Every structure is written in structure tokens, then in C-alpha cells.
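For reference, the chains in residue letters:
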Amino acid sequence: MKAALFCTSRYVGRTPDGVWPLPAKYCEPETAEESMAITLEQFRLADVFGFDWVTVAEHHYSALSLTPNPMIFAGALSQVVKRAKIAVLGPSLPTLNPVRVAEEFAMLDAMTGGRLIAGFMRGTPNEYVTYNFNPSESRARFAEALEIIRRAWTEPEPFGWQGRYYQYRSISIWPRPVQRPHPPIYMSGSSPEAGECAARNHIGLGFAFTTIAQAAKASAYYQGQCHEVGWEAKPDDIIYRVGFHVAETDEEAFDDMSRAPPRISLTTSNVSINKAMTETAYYGRDESQATRTATRTLQDRINSGQILVGSPDTIIRQIERIRKEIGAGILDCPLAAQLGDKTLHSIELFGTKVLPRIREL
Amino acid sequence: MADEKALSDTVLWLGDAKRSPALRKLVAARFRVIDGAPPPGAGRFGVIAERDAAAAALRFVLDRPEAVTAVVLLGPTLIAADGRAADETLIGQLSTLKAPLLAIFGTTDTSAPPEAGRHYRERLANANVVFVYDAGAAMAEERPEAVAELVIDFLRRGDTFLVRQSSDLLYR
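All of these numbers come straight from a predicted model, not from anything done at the bench.

Novice: Can you walk me through the overall build of chain A in this structure?
Specialist: Counting its secondary structure elements, chain A contains 12 helices and 12 strands. Its C-alpha atoms give chain A a radius of gyration of 19 Å, near enough to 21 Å, the size a compact globule of 361 residues would have. Here chain A holds 361 residues, and 47% of them are scored as buried. Of the contacts formed within chain A by residues at least 6 apart in sequence, a portion of 75% connects residues at least 24 apart.

The following block contains the structure:
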């Protein structure tokens, strides 16, 4: 298996919890600067300790994430992370200009010598408020934007595009991506619609902030759909995103987590937005995703595969379960970022004591 | 009907006149549409040709370089996706084509695939290529409004169709 370190570039200062959008008045510029510097250092350590990828993502108007444009952060990472692949997982594709995304990703691929992993997201519910798009059109916009990007990366001559949601008279991006025909592509989503889209487009699929049981079901569906359209998904086509904290012993890891500051809620915590999103059929045929963010105890979250906590031996057993039940070949691991030096030690332990032993899973 | 800014107010439709009624209706709302040979005194005109009619249409255009204002090819089959042309002589002659040309391909078309488009850009003078998303061999019927907007804009403005003129203003 491979593993990625995922940092959202969390704001390290104090802010109200469970509020979205979070008023900008709470953002102290110096603290934001410090937060991003801490994140860069965490990524640098991940590179040093052998993580396969480092991951950045897009979220808006929140202290959880200071990377509303993850491509900018990935540009900075290209100068700090010298070995690992840089996974942008990713832009909220339906709310962006797909040609611009193709250009920025191609730039990143050139700046990293072909180390870009391209992830395209439909976005968490709040992203649709951010740029004022109708979520009911998000799947159709996503599918069209994905095709534009692929053609922008591969067409050798200028071309125009007469789409349903996008229209361009001439596209001819510079630079072209280093990886040919293009960087590896992933999308995310646990719904049947996401599995079908990924299979149809012959791209990888990621499951984020879900449970092993739900991801296993979605993964099986995706693999079945791939088979239906004539190709077989491999473990490297399947990503499972799961938070982690590793310490020398289980007791220490649990103690660290119990002393951690309260977990900042996900950016999707605005109840009225989630209700409105459900009404637009954003969640497709699997509406259970809309309600799965209920608060659970740490042990419940460990048991259901929502977080990895413990000593290296314990974590490895949890990862073995993910590999076996979901078939995932790539772990995308958000770290418990708020634990100071213990967070840095957790990165080191994962890289030196866990990674070498999950390679052959 | 008179459109002072258009390159021409007449369009010559070459090929099967019954093939794409929905597109034809939309084009006819803006241009005088003529099938087959132009009548005496027709003046300058744009040309539309679909599928296999593209070869005959281009020979026609090469014979009348001064009369043709713009050429639109819908799903042309002159050049395959691998770059091979059925009539290399014709393709060679097209390097001297003066009229602006637009070749339109549907992204799901398998007989005139979008991958052929790049060869039109490489080998024909003044060629523009546009892909119509989620449309196949019958793109003019599958997505008539999308195709018509493109065709009409190109016949009116030729190469300057590259620059958008419609407004994005929400409110005054």
C-alpha cells in the first residue's frame, strides 16, 4: 500500500466552532501566516519520512482549511517536497473554470517533474454557496469539465468547445503536462453515481470521511462498474481517506487524542445548507451520506474505520482491515494537526514504523 | 432578415437537404438557405456541408474562391483519426483555401471522431476546430441549438468568431 499525508492547513488560532461561513474577523493575518508555515513543515517532514504523496484540498470560508485554492499551496509544495508526489485532491471542479484547472495542474506537473496526482472533487455542500452555483447541476458540470480537462491536456492543436455548461472558442494550454498522456486522475464520492462516473471515465475513486462498511460497499460497486465497462480497477485506483495519530504506545496515542483541543467541525456543519443540498438531490441515490457526520466517541470512530489511533502495531492492524475490506491501495491520511510536537512525531512514526510494513499489503 | 454585419446573408447547403431539419430551421431564421448550385446573381455566400458531403463541398469552394465567405463542415470524414485522407490531392489543394473554415465534431462521434480534428488544423489553411460535447454522428439533431449558435456565429463573422460578443451583464 501507499500512503499520503493530507494537511488542510488548519488555522492554529482560536475560533468559534461549528460555524459556517466563519466570519473573517476571527482571522489574524499573523496566525494565518504561522498556520501555513506549520503545514509546510508537516509536509516537508512527510517527504523526509517516506510518505508516497502529500495531499492538499479546497475548502472555503473556514478555519479548518486555509487553502481555498489548493493549487497555490501545491505550487509552494513543489519547492519544498522534493520526492513525494503532490496530490491535489482537489479542486471543487463544478465551481471552477476547467481550462484554468487544466492549466494550473499542467503547471504543477511541470514544476514537479511529473509528480502531480490530479483529483477532481464535486465539493462539499458549502462550496456551492461560495461561488453561487446550483448543486443540482454539479454532476453534469463535473462530467463535462472532466472531459474538457482531459482534452486540454492531450489535444496537440487548438480546439473550441461547445458544451452544455462551458463554451470556449479556442483552447491550447501551455505548458502541457509532463506525464503522458496526462497525470493520474481520481474523483471522490461514495454514491452510486460517483462510482459509475469514475468507471465510465476510467479514473480512480476516493472515499473520504466515511466508514469502512460504507466505503467497502461503494468500492465493490465501483469495481463492478469498471468491470461492466471493460476494465478492472486495481488497488492503486482506490483511495481511502482516514485521519490518524500514531504514538509509541496505544495508551499514549489515546491520551494525546483525549487531551487534544476539541475537533473543529467539518466545513459542512451548517445544518440549513445541508438540508438545502439534500433537497437538490446532491447526494444522489445514497442520501445516507447527508447524515453521517453525527458525533461519535473516539473508540466508535476507530472501530468504524473513521480514524487510525494507536501504536504502529495497532495502526497496521487497522490498515490491514482497510486493505482487505475496501480493496484500497492508497491511504490518504489527514493528521491530528493540533498536537504540536506530538503531531510531528506521529508523522515520523507513521513514516518509519508503519509505512515500511504496509508496503506489501 | 438583413444582417448588415454578416459576411453574407446567404448559405449554400451542400449534401442531403433532409438530414438535419432542426439545425436547418435555426439557420434559416438568420440566412437565406439554398440547396445545391447557387442561382445566378446569388452574390457571396457561406457554405455548410455535412459528413461525406464535405469533399464535394470543398472542391466546389476551391472552384469559386471569391464567392465563398466561410465554410462550415459538420462531422467531416475527409481525414481519419490516424491522419490518413481518402483524397490526398484534395487535402493538398486545401492548403491554399482562402475562406475561413470551421470543422465541427461531436465528442461521441465514432465515424467522424474528434481525434480527427487535429489533422484538419494541421493540414488545412484557416481551419478552426470545435468539439460539440455529448453529441454523436447526428449532432445537428441531438444538440441543434448548440450547433446552430456556433454555425451562425461563424457564418456571420468568420475567424473573428473567436472573440465573444454576447454580454455577461446580469443587471443594469
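Still to come is the rest of the account.
Novice: Looking at this model, I keep getting lost on the sheet that holds strand E9 (residues 238-241) of chain A. Mind explaining?
Specialist: What holds strands together in a sheet is hydrogen bonding between their backbones, with the strands either parallel or antiparallel. All names here are of chain A. Spatially, eight strands are ordered E1-E2-E3-E4-E7-E8-E9-E12 in a closed barrel, and the strand pairing comes out parallel. Taking each pair of neighbouring strands and ignoring which way they run, the sheet shows an average axis angle of 25°. Where helix H2 (residues 70-77) meets the sheet, its contacts fall on strand E2 (53-56) and strand E3 (85-92), and the angle it forms with E3 comes to roughly 170°.

Novice: Mind showing me how you'd approach the interface of chain B and chain A here?
Specialist: Reports of interface size often rely on the accessible area that becomes lost once the parts have come together. Between chain B and chain A, the contact holds 16 residues from the first and 14 residues from the second. Broken down by element, the residue count for the side of chain B that touches chain A peaks at five residues, all from strand E6 (residues 127-132) of chain B. When the residues that make up the side of chain B that touches chain A are grouped by side-chain class, the tally is nine nonpolar, three polar and four charged. Summarising the sheet, strand E5 (residues 159-162) of chain A and E6 of chain B pair through three bridges and their orientation is parallel. When the sheet's bridge partners are listed, tryptophan 161 of chain A is paired in E6 of chain B with phenylalanine 131 of chain B.

Novice: Explain the nonpolar core here, please?
Specialist: A general tendency of soluble globular proteins is for nonpolar side chains to be buried together. Of all hydrophobic cores here, the largest spans 144 residues; its most connected members are Ala4, Leu5, Val54, Val88 and Leu331 of chain A together with Val72 and Ile104 of chain B. Each residue touching isoleucine 104 of chain B, except ones within four places of it in the same chain, is listed here: Val72, Leu73, Leu74, Gly75, Val130, Val132, Val147 and Leu150 of chain B. Tyr11, Trp20, Leu64 and Leu66 of chain A belong to the second-largest nonpolar core, a separate cluster that totals seven residues.

Novice: I keep staring at helix H1 (residues 29-48) of chain A and nothing clicks. Help me out?
Specialist: In an α-helix there are 3.6 residues to a turn, and that puts residues three or four apart on one side. Residue and element names in this part refer to chain A. Between its first and last C-alpha atoms H1 spans 29 Å; for 20 residues at 1.5 Å apiece the expected length is 28 Å, and the two agree. Those residues of H1 that fall on the buried side of the exposure criterion are Ser35, Thr39, Phe43 and Ala46. Across the axial projection of H1, the buried residues extend over an arc of 75°, all falling on one side. Facing away from the buried side of H1 by over 90 degrees, the exposed positions are Glu30, Glu33 and Ala37. Tucked into the core, H1 has its buried residues touching strand E1 (2-6), E2, H2 and helix H12 (341-358). Immediately beyond the C-terminal end of H1, within one or two residues, lies glycine 50, with a positive phi of roughly 95°.

Novice: Is there a simple way to explain the sheet that holds E6 of chain B in this structure?
Specialist: Read from one edge to the other, the open sheet built from eight strands follows the order E6(A)-E5(A)-E6(B)-E5(B)-E4(B)-E3(B)-E1(B)-E2(B), with strand pairing classed as mixed. Strands at the two margins of the open sheet, each flanked by one partner only, are strand E6 (167-171) of chain A together with strand E2 (32-35) of chain B. Along the sheet, successive strands turn relative to each other by an average axial angle of 20°, direction set aside.

Novice: I tried to follow the environment of alanine 4 of chain A on my own but got confused; where do I start?
Specialist: Residue and element names in this part refer to chain A. Structurally, alanine 4 can be placed in strand E1. Each C-alpha atom, one on alanine 4 and one on isoleucine 239, is 9.6 Å from the other, the two residues being 235 residues apart in sequence. Setting aside residues up to four positions removed in sequence, alanine 4 forms contacts with Phe51, Asp52, Trp53, Val54, Thr55, Ala87, Ile330, Leu331, Asp332 and Cys333.

Novice: Is there a simple way to think about the environment of proline 76 of chain B in this case?
Specialist: All names here are of chain B. With respect to the helices, strands and loops of the structure, proline 76 is situated in the loop between strand E4 (68-74) and helix H3 (88-93). A count of 24 C-beta atoms within 10 Å places proline 76 in the buried class. Between the C-alpha atoms of proline 76 and aspartate 109, which are 33 residues apart in sequence, the distance is 11 Å.

Novice: Even after reading the chapter, I still don't get the packing of helix H6 (residues 192-200) of chain A against helix H7 (residues 212-228) of chain A, so can you show me in this structure?
Specialist: Working note: a packed helix pair is described by the angle between its axes plus the distance between those axes. Residues and elements named next belong to chain A. For the pair H6 and H7, the least separation of the axes is 8 Å and the interaxial angle reads 35°. Read as a crossing pair, H6 and H7 show a hand that is right-handed. Contacts between H6 and H7 involve Pro192, Gly195, Glu196, Ala198 and Ala199 from the first element and Ala218, Tyr221, Tyr222, Gln225, Cys226 and Glu228 from the second. Looking at the contact of H6 with H7 residue by residue, the class counts come to seven nonpolar, two polar and two charged.

Novice: For this particular structure, what's the right way to read the pairing of E3 of chain A?
Specialist: Put simply, side chains in a regular strand alternate between the two faces of the sheet. Residue and element names in this part refer to chain A. Counted residue by residue, E3 has seven buried out of eight residues, so it is predominantly covered. Where the polypeptide runs from E2 across H2 and back to E3, its parallel neighbour, the crossover connection is right-handed. Across five bridges, the pairing between E3 and strand E4 (residues 116-121) is parallel. The residue of E4 that forms the bridge with leucine 89 is glycine 119. Since E3 and E4 lie parallel, the crossover through helix H3 (residues 98-111) that links them has a hand, and here it is right-handed.

Novice: Help me out: how do you make sense of the confidence of the model for chain B in this one?
Specialist: Predicted coordinates in regions of low pLDDT should not be interpreted in detail. On average, chain B scores 94 in pLDDT, and the residues at 70 or more come to 99%. Confidence estimates for the predicted assembly give a pTM of 0.94 and an ipTM of 0.97.

Novice: How should the confidence of the model for chain A be read in this particular structure?
Specialist: Across chain A, pLDDT averages 92, with 94% of residues at or above 70. Low pLDDT, under 50, characterises residues 264-268 of chain A; the predicted model gives this stretch 20 contacts beyond four residues in sequence or across chains.

Novice: Explanation requested: the packing of helix H11 (residues 312-326) of chain A against H12 of chain A in the structure shown.
Specialist: Residue and element names in this part refer to chain A. Between H11 and H12, whose axes approach to 10 Å, the crossing angle comes to 45°. By the angle between their directions, the pair H11 and H12 is classed as oblique. The two elements H11 and H12 meet at a crossing, and its hand is right-handed. Contacts between H11 and H12 pair Pro312, Ile315, Ile316 and Ile319 from the former with Leu349, Lys353, Val354, Arg357 and Ile358 from the latter.

Novice: Whenever I open this one, the environment of threonine 124 of chain A confuses me. Can you help?
Specialist: Residues and elements named next belong to chain A. Position of threonine 124 relative to the elements: it lies in the loop between E4 and helix H4 (126-130). Its 24 C-beta neighbours within 10 Å are what place threonine 124 among the buried residues. Threonine 124 sits 158 residues away from tyrosine 282 along the chain, and the two C-alpha atoms are 9.9 Å apart.

Novice: Honestly, helix H1 (residues 21-28) of chain B in this entry has me stumped. Any pointers?
Specialist: All names here are of chain B. Leu23, Arg24 and Val27 are the residues of H1 that are buried. Down the axis of H1, the smallest arc covering the buried residues is 100°, so these residues share one side. Here the buried face of H1 lies against strand E1 (10-14), E2, helix H5 (139-142) and helix H6 (144-157).

Novice: Honestly, unusual backbone geometry in this entry has me stumped. Any pointers?
Specialist: Backbone geometry follows two general trends: most residues other than glycine have a negative phi, and most peptide bonds adopt the trans configuration. Note that the residue after tryptophan 20 of chain A, namely proline 21 of chain A, is joined by a cis bond; omega there is -5°. Secondary-structure assignment places proline 21 of chain A in the loop between E1 and H1. The linkage connecting arginine 180 of chain A with the following residue, proline 181 of chain A, adopts the cis geometry, with an omega of 0°. At phenylalanine 209 of chain A, a position not held by glycine, the phi torsion is positive, near 50°. Among the secondary structure elements, phenylalanine 209 of chain A is positioned in the loop between strand E8 (204-208) and H7. Backbone geometry places aspartate 134 of chain B, a non-glycine residue, at a positive phi of 60°. Mapped onto the elements of the fold, aspartate 134 of chain B is located in the loop between E6 and H5.

Cut-offs applied
Residues numbered from 1 in each chain as written. Chains lettered and ligands numbered in written order. Predicted model: local features only at pLDDT ≥ 70, side-chain atom pairs only at ≥ 80, totals over all residues. Helix = DSSP H or I, 4+ residues; strand = E, 2+ residues; numbered from the N terminus. Rg over C-alpha atoms; globule rule 2.2 N^0.38 Å. Buried ≥ 20, exposed ≤ 12 C-beta atoms within 10 Å, placed from the backbone. Contact = placed C-beta atoms within 7 Å. Pairing = 2+ DSSP bridges. Axes fitted to C-alpha atoms, helices over the stretch in contact; angles between N-to-C directions. Nonpolar A, V, L, I, M, F, W, Y, C, P; charged D, E, K, R; others polar. Core = buried A, V, L, I, M, F, W, Y, C linked by C-beta atoms within 7 Å. Expected span 1.5 Å × (residues − 1). Arc of directions from axis to C-beta. Left-handed = near helix turned anticlockwise from the far one by under 90°. Right-handed = clockwise from strand over helix to strand, strands pointing away. pLDDT = per-residue confidence, 0-100. Parallel < 35°, antiparallel > 145°, perpendicular 65-115°, else oblique.

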